[in-house]
Amino acid sequence: MINLTIRQMSELLLSKQVSVQQLSGLFYDRCQSHNKSIGALITLNDELNAAELLQAQQQVELGDHLLAGIPLLHKDLFCTQGVKTTCGSKMLENFIPPYDATVVKHLKVAGMVTLGKANMDEFAMGSSNEYSAYHVVNNPWDVSRVPGGSSGGSAAAVAARMVPVATGSDTGGSIRQPAAFCGITGVKPSYGRVSRYGMVAFASSLDQGGVLAPGADDCGLVLAAMSGHDVLDSTSAQQPKWQWHKPQNPDMSGLKVGVTRAWIEALQDTDVKERTLQAIEHFEKNGAQLIEVDLPHADLAVSAYYVLAPAECSSNLSRFDGVRFGHQAKDISDLESLYRQSRTEGFGDEVKKRIMIGAWALSSGYYDAYYLKAQKIRRLISEDFNKVFAQVDVIACPVSPELPFKHGEKADGVSMYQADQFTIPASLAGLPCLSMPIGFSQTGLPIGLQLIGRYFDEQTILSTSDKYQQQTDHHLHMPEAFV
Ligand code: GLN
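Residues numbered from 1 in each chain as written. Predicted model: local features only at pLDDT ≥ 70, side-chain atom pairs only at ≥ 80, totals over all residues. Heavy atoms only, no water.

Enquirer: Tell me about the pairing of strand β11 (residues 446–453), and name the residues and values.
Expert: Counting buried residues in β11 gives eight out of eight residues, a clear majority hidden from the surface. Side chains of β11 alternate between two faces, with Pro446, Gly448, Gln450 and Ile452 and Ile447, Leu449, Leu451 and Gly453 buried alike. The sheet contact formed by strand β9 (residues 394–398) and β11 spans five bridges and is antiparallel. If you follow alanine 396 over to β11, its bridge partner there is leucine 451. In this structure, strand β10 (residues 433–440) lies alongside β11, joined through seven bridges in antiparallel fashion. Residue pairing for β11: cysteine 433 is matched across the bridge by isoleucine 452. The loop that links β10 with its antiparallel partner β11 comprises five residues; one of these, glycine 444, has a positive phi angle of about 85°. (Buried < 20%, exposed > 50% of the residue type's maximum accessible area, 1.4 Å probe, protein only. Helix = DSSP H or I, 4+ residues; strand = E, 2+ residues; numbered from the N terminus. Pairing = 2+ DSSP bridges.)

Enquirer: Explain the site of the ligand residue by residue, including any values.
Expert: Within the structure, the ligand sits among 15 residues, and Thr171, Gly172, Ser174, Tyr305 and Arg354 are positioned closest to it. Between the ligand and glycine 172 there is a distance of 2.6 Å, counted from an oxygen atom to a backbone nitrogen or oxygen. Here the ligand, which alone exposes 290 Å², has 99% of that area covered by the protein. In terms of residue class, the shell around the ligand is built from five nonpolar, seven polar and three charged. (Near = heavy atom within 4 Å. Polar contact = N/O pair within 3.5 Å; in protein donor to acceptor, adjacent residues only side chain to side chain. Areas by Shrake-Rupley, 256 points an atom, 1.4 Å probe, with all protein chains shown as cover. Nonpolar A, V, L, I, M, F, W, Y, C, P; charged D, E, K, R; others polar.)

Enquirer: Which residues make up helix α12 (residues 349–361), and what are the values?
Expert: Its 13 residues place the ends of α12 18 Å apart at the C-alpha level, agreeing with the 18 Å of an ideal helix rising 1.5 Å per residue. Turning to α12, its buried residues are Glu350, Val351, Arg354, Ile355, Gly358 and Ala361. Viewed end-on, α12 has its buried residues packed into an arc of 135°, placing them on one side of the element. Opposite its buried face, α12 presents the exposed residues Asp349 and Met356, each directed more than 90 degrees away. Where α12 is buried, its residues touch α10 (301–316), α11 (335–346), α13 (367–388) and α14 (413–418). (Expected span 1.5 Å × (residues − 1). Arc of directions from axis to C-beta. Contact = heavy atoms within 4.5 Å.)

Enquirer: Could you give me a rundown of helix α3 (residues 50–62), with the residues and numbers involved?
Expert: Here α3 spans 18 Å end to end across 13 residues, near enough to the 18 Å set by a 1.5 Å rise per residue. The inward-facing, buried residues of α3 abut α1 (6–14), α2 (20–38), α4 (102–109) and β3 (113–118). Between the side-chain oxygen of the N-cap and the backbone nitrogen of alanine 51 there are 2.9 Å, and the N-cap of α3 in question is asparagine 49. Immediately beyond the C-terminal end of α3, within one or two residues, lies glycine 63, with a positive phi of roughly 65°.

Enquirer: Please give an account of the nonpolar core that cites residues and values.
Expert: Core analysis: the biggest nonpolar cluster contains 144 residues, and Phe123, Phe283 and Phe385 have the highest contact counts within it. Looking at this core element by element, the count peaks at ten residues for α10. For phenylalanine 385, the contacting residues outside a window of four places in its chain are Leu295, Ile395, Pro425, Ala426, Ala429, Leu431 and Ile452. (Core = buried A, V, L, I, M, F, W, Y, C linked by side-chain atoms within 4.5 Å.)

Enquirer: Tell me about the packing of α4 against helix α7 (residues 216–226), residues and numbers included.
Expert: Packing of α4 against α7 leaves a shortest axis separation of 8 Å and a crossing angle of 110°. Relative to α7, the element α4 lies roughly perpendicular. Every pair of crossing elements has a handedness; the one defined by α4 and α7 is right-handed. On α7, the residues that touch Val103, His106 and Leu107 of α4 are Val222, Ala225 and Met226. Looking at side-chain class alone, the contact of α4 with α7 contains five nonpolar, one polar and no charged residues. (Axes fitted to C-alpha atoms, helices over the stretch in contact; angles between N-to-C directions. Parallel < 35°, antiparallel > 145°, perpendicular 65-115°, else oblique. Left-handed = near helix turned anticlockwise from the far one by under 90°.)

Enquirer: Account for unusual backbone geometry, with residues named and values stated.
Expert: The residue after glycine 149, namely serine 150, is reached through a cis peptide bond having omega 10°. By secondary structure assignment, the location of serine 150 is in the loop between β3 and α5 (152–159). Phi is positive for phenylalanine 123, close to 50°, though the residue is something other than glycine. Relative to the helices and strands, phenylalanine 123 is located in the loop between β3 and α5. One non-glycine residue, alanine 124, adopts positive backbone phi at about 65°. Note that alanine 124 resides in the loop between β3 and α5. Look at alanine 124 and you get buried, because its relative accessible area is 4%.

Enquirer: Please give an account of the packing of aromatic side chains that cites residues and values.
Expert: Scanning the entire structure with this criterion turns up 18 aromatic pairs. Taken together, a centroid distance of 6.3 Å and an interplanar angle of 65° make the contact between phenylalanine 320 and phenylalanine 325 edge-to-face. Connected via pairs of aromatic rings, a cluster forms that spans Phe123, Phe320, Phe325 and Phe347. The positively charged end of lysine 410 is found above the aromatic ring belonging to phenylalanine 405, 4.9 Å away from the centroid. (Phe/Tyr/Trp six-rings, centres within 6.5 Å; stacked < 30°, edge-to-face > 60°. Lys NZ or Arg CZ within 6 Å of the ring centre and 35° of its normal.)

Enquirer: Before we move on, can you summarise a nonpolar patch on the surface with the specific residues and values?
Expert: Nonpolar side chains collect at one region of the surface, where Val323, Leu335 and Tyr339 lie side by side and expose about 270 Å² of accessible area between them. Note that valine 323 resides in the loop between α10 and α11. (Patch = residues over 30% accessible without salt bridge, like charges linked within 9 Å, V, L, I, M, F, W, Y side chains within 5 Å. Salt bridge = Lys/Arg side-chain N within 4 Å of Asp/Glu carboxyl O.)

Next comes the structure, spelled out in structure tokens:
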């Protein structure tokens, strides 16, 4: 049961072979029993909400929505009414939102059942989930290794089938990289496709909600339900609600796949390199045409991102002052000390570092030299993509240059930042992208491939991935300890 697709679970619910209560109960118990070893959740709801289950069961019986009765976790940066939303930070340790994020609302309306909140790097800053203020997350494939980040709790929970699907967010790779490290599929839609209302902000021009699940079809179904224009988010795109069409067969004739040969050739890890080449060969065997492409400014992406994202975060996180929002220091007599002490106590080191870098890059005298220059690089990278997408329908490239690393292995911040070199370019350009499992290293660790699409063309990346998954089963493999 735990390794079924959403469509298969939905069939069982519809044909009354299983009830909403049983299905949610099964996954709830798995969350409870595996959270100790994996640490994927910050909050497991005290119990299953009877009213929510009843409503979902009624929706199943009405044949209302394919997602009705399917349990999930939300990354702990989506506001959930009445349920603690910490964003992985002490700053929001006691924050109980009075409202639901639009994403949460959409998935509730579809009848999905929320089991709790997934662990994450503090304020979504990180690539290993070691920066959560609560506890680290372990990779279910090897608990001495990280699950990736910042949506590491969501990815690890899905990999261990503690839930069939989880939401995540991606600013510079936080859905794709953990999906790759945990052997599942993760999609970040185009910027603007999914409302950011009620999603705690890190870098507003980059943040985008998305989905992590074993397969592309699962991701497509949930993404369709959570997307759509939202008057409450002025950056949400005025597009009709996105629909997912699962392809009927694996034929890829006519599909033009851009291959960033230089990136692949430069890969140091031979397993990552070999699997990547094999997956791309698979596309060709199924009728796709491979075209070599080049993104000449992409090697500047990490440098530009680590100016832009901190700049935006320094502004966004200024609201956590212990007065309007966030942790408040005790026994303080004057206002200035209250601000200082509340922020000193509430934020972790990585967050503080980024606030300082951002404030510095935005300060007069440095703005032109850093912030403006980074914006120009961002534009050049977008233009590179525009040129490439005049020739191809989708770009295939690595997600991460390496296999899931060990806890503590990237203690210096810069090597952690470099881990995002292949994911950040598409983020800067706001393009839809995903990671899908393409096999394992000789040591049994999962490897992902990234697909990047044209703006608003989630369909092509997801259907390319689904076609691949119709003929392969890497996405259905589970870590043995959790079978
Ligand atoms: N790892 C990147 C960072 O630390 C990306 C994070 C994200 O996508 N939220 O900023």
